[in-house]
Amino acid sequence: AVVSTQSTGKQSVKMDRMIEERVESSAVLTDILSKVEEVQQRNETLEVTCERTKSLLDKNTEEVEMYREQVAMYDEVLHTVKTKMVAAGNALPKSLRVVLKELL
């Protein structure tokens, strides 16, 4: 009877240890799961931020292209005006051209 009580006591201690280990590992797993969920939420927030940033970048790229086209148009107009001014200046009498050069 003494042997069986010792044996039962040892088994009880072993069971208690196993239960403690499972409770500890369950707590660790719960903590890991919580951290994984946090990371997933951050990733979702980052994805939304990235999408917004990409959208803004695309919009800005379109605007830059539009401004480049406008600058090219203004350059053409300016070149045309300069060409016409030179032609008009060359058509003036030489004495008037000399006076204009001194004024400008």
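Structure: see above.
So, here's what we can say about the structure. (Residues numbered from 1 in each chain as written. Predicted model: local features only at pLDDT ≥ 70, side-chain atom pairs only at ≥ 80, totals over all residues. Heavy atoms only, no water.)

Tallying secondary structure elements over the chain gives 2 helices and 0 strands in all. Taken over C-alpha atoms, the radius of gyration comes to 42 Å for the chain, far larger than the 13 Å a tight globule of 104 residues would show. For the C-alpha atoms alone, the extent of the chain along its principal axes is close to 140 × 25 × 10 Å. Burial status across the chain gives 1% buried among its 104 residues. Surface summary for the chain: the accessible area is close to 9900 Å², and the carbon and sulfur share equals 62%. Seen as two clouds, the 15 positive and the 18 negative side-chain charges of the chain have centres 9 Å apart. (Helix = DSSP H or I, 4+ residues; strand = E, 2+ residues; numbered from the N terminus. Rg over C-alpha atoms; globule rule 2.2 N^0.38 Å. Buried < 20%, exposed > 50% of the residue type's maximum accessible area, 1.4 Å probe, protein only. Areas by Shrake-Rupley, 256 points an atom, 1.4 Å probe, with all protein chains shown as cover. Lys, Arg positive; Asp, Glu negative; His and termini not counted. Charge placed at Lys NZ, Arg CZ, Asp CG, Glu CD.)

Right, let's talk about the pattern of salt bridges for a bit. The final tally for this structure, using the stated rule, is 4 salt bridges. With a closest N to O distance of 3.0 Å, lysine 54 and aspartate 58 form a salt bridge. With a gap of 4 residues between them, lysine 54 and aspartate 58 both fall in helix H1 (residues 2-91), about one helical turn apart. Among the salt bridges present, the one from glutamate 65 reaches arginine 68, with a minimum N-O distance of 3.9 Å. One end of the pair is glutamate 65 and the other is arginine 68, both in helix H1 and 3 residues apart, which spans about a single turn. Since its relative accessible area comes to 38%, glutamate 65 is described here as partly exposed. Arginine 68 gets classed as exposed once you look at its relative accessible area, which sits at 55%. (Salt bridge = Lys/Arg side-chain N within 4 Å of Asp/Glu carboxyl O.)

Turning to a nonpolar patch on the surface, a few remarks are in order. Among the surface-exposed residues, Val28, Leu29, Ile32, Leu33 and Val36 lie close enough to one another that they form a single nonpolar patch of about 450 Å² accessible area. Tracing the chain through its elements places leucine 33 in helix H1. (Patch = residues over 30% accessible without salt bridge, like charges linked within 9 Å, V, L, I, M, F, W, Y side chains within 5 Å.)

Residues Asp16, Glu20, Glu21 and Glu24 make up a contiguous surface patch of negative charge. Note on glutamate 20: relative accessible area 48%, which makes it partly exposed.

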